[in-house]
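# Coordinates in review
One-letter residues, chain by chain:
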Amino acid sequence: MILCDRRRFQIDGLDEPAIPRRSKQMKLSIPAPPDFNFKRTILSHGWCQLLPCRFDKERWTLRRVFDVGASRPIAATIRAAGKRIEIEVARKTLGKRASEKIVRDVRHMFRLDDDMSDFYQAVAEDPHFAWIVRAGAGRMLRSPTVFEDLVKTICTTNCSWALTEKMVAGLTNNLGLPSADGHYSFPSPEEMAKAPPSFYRDEMRAGYRAPYFKELADRVASGELDVESWIHSDLATSELTKEIKGVKGVGDYAAENLLKLIGRYDGLALDSWLRSKFARTHNKGRACSDKKITRHYARFGKWRGLALWCDMTKDWIEEQG
DNA sequence: GCGTCCAGGTCTACC
DNA sequence: GGTAGACCTGGACGC
């Protein structure tokens, strides 16, 4: 992807009109870990800007349409509320099953159950990385499903961020299901499998990736490929990487990026922006080899990919105090 | 407005 | 295993 575009969200902030508040909305509340940083997690990378998420930087909220199973998708607004995360649902009432599903999804997205202590221990002694512990950085926002993260990752390959947004929007707005307020959920593998190949080429504007999406959706919908199992896989990272790269359109960068979202940080997921940012930050603006970048973060072992990402995105948010 | 060039990551064929 | 070219889109640029 083209990097100058990738960081656009830091400057523009809100680009969607606020949804009018309803007279009665239901609220759910989740306790957050002591080391959790809501802002750092939302802006951990560009996912907050991809539908069905909508980031409001003025209010520091994340809106998203959640798929809750059989009933209609539900839009919710997520915000920090002290040491808790508050979820405001655009419904007067919400069934137990739907409430539990939304809470489970939010916990997963914000990685509230991730134990960061090992990572923080790995970076705490390094003067250039100790800020990560103080800031509570390192939780990378993800989607409720591995499938959604995989599709979005493929959408980031070999194109500008603007095109990534366009492809994801085309997919969501055409194949997703509408919530009561007219926004759409991310389509399921089954919904994507129903779409003809021409949809991916002509409507989604996925270009040469079009057959890849069709094939992926078919394989997942038919049960041939269980991408959700990757998150709890016992396979060694090298083996899991091979399996992930078995998906058409997924190469080294895409596989390692997905592995980060799954919670494995061995890979660096180097793309053009990371290489450029590393050169500016650590190599006096001169391009350097991937080997040199790898050596720079090698001391962090299995956390090197996360250490790299935190290092390269440190300036995305001004630290307070 | 039109045409050309280029960047971006992966796939495939070839050596 | 390594490499070159094709894939497709949108932005930048020149005319």
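Residues numbered from 1 in each chain as written. Chains lettered and ligands numbered in written order. Predicted model: local features only at pLDDT ≥ 70, side-chain atom pairs only at ≥ 80, totals over all residues. Heavy atoms only, no water.

## A few points about the layout of surface pockets
Over the atoms, a rolling probe the size of a water molecule traces out where space has been left empty. Its volume calculated, the second largest pocket comes out at about 360 Å³. If you go around the second largest pocket, you meet 19 residues; those closest to its centre are Arg111, Asp114, Arg142, Ile262 and Gly263. Grouping the constituent residues of the lining of the second largest pocket by class yields six nonpolar, four polar and nine charged. (1 Å grid on protein atoms, 1.4 Å probe; cavity = no way out; pocket = protein on both sides within 12 Å on 5 of 7 lines; lining within 4 Å. Points joined across faces, edges and corners; volume = space filled by probe spheres on them. Nonpolar A, V, L, I, M, F, W, Y, C, P; charged D, E, K, R; others polar.)

## Concerning the pattern of salt bridges
Overall, the coordinates contain 24 salt bridges when judged by the stated rule. In this structure, the salt-bridge partner of Arg142 is Asp114, at a minimum N-O distance of 3.9 Å. Of this pair, Arg142 sits in the loop between helix H6 (131–135) and helix H7 (146–155) while Asp114 is found in the loop between helix H4 (96–109) and helix H5 (117–124), placing the two residues 28 residues apart along the sequence. Given the relative accessible area of 8%, Arg142 is considered buried. Exposure remark for Asp114: the relative accessible area of 23% places this residue in the partly exposed category. (Salt bridge = Lys/Arg side-chain N within 4 Å of Asp/Glu carboxyl O. Helix = DSSP H or I, 4+ residues; strand = E, 2+ residues; numbered from the N terminus. Buried < 20%, exposed > 50% of the residue type's maximum accessible area, 1.4 Å probe, protein only.)

## With respect to empty space enclosed by the protein
Under the definition given, this model contains three cavities of 30 Å³ or more. Of the volumes computed, that of the second largest cavity is approximately 100 Å³. Around the second largest cavity sit Arg40, Thr41, Leu43, Ser44, Ala137, Gly138, Arg139, Met140, Trp309, Cys310, Thr313 and Trp316, which together line it. Mapped onto the lining of the second largest cavity, the elements with two or more residues apiece are helix H3 (38–42) and helix H16 (304–312). Tallied by class, residues from the lining of the second largest cavity come to six nonpolar, four polar and two charged. Formed jointly, the lining of the second largest cavity draws a minimum of three residues from each of two domains, domain 1 (16–114) and domain 3 (272–320). (Domains from an automatic or database assignment.)

## Quick notes on the environment of Lys291
Positionally, Lys291 belongs in helix H15 (residues 290–297). Lys291 sits in the exposed class, given a relative accessible area of 66%. Taking the C-alpha atoms as reference points, Lys291 and Leu175, separated by 116 residues in sequence, lie 41 Å from one another.

## Details of the nonpolar core
Among the nonpolar cores identified, the biggest contains 98 residues, and Ile87, Ile102, Phe110, Phe119, Tyr200 and Trp230 are the most heavily contacted of them. Here this core takes seven residues from helix H13 (residues 252–262), the largest share from any one element. Here Ile102 is in contact with Leu28, Phe66, Val68, Ile74, Ile87, Val89 and Leu94, once residues within four sequence places are set aside. (Core = buried A, V, L, I, M, F, W, Y, C linked by side-chain atoms within 4.5 Å. Contact = heavy atoms within 4.5 Å.)

Functional significance is not addressed by these values, which are geometric in nature.
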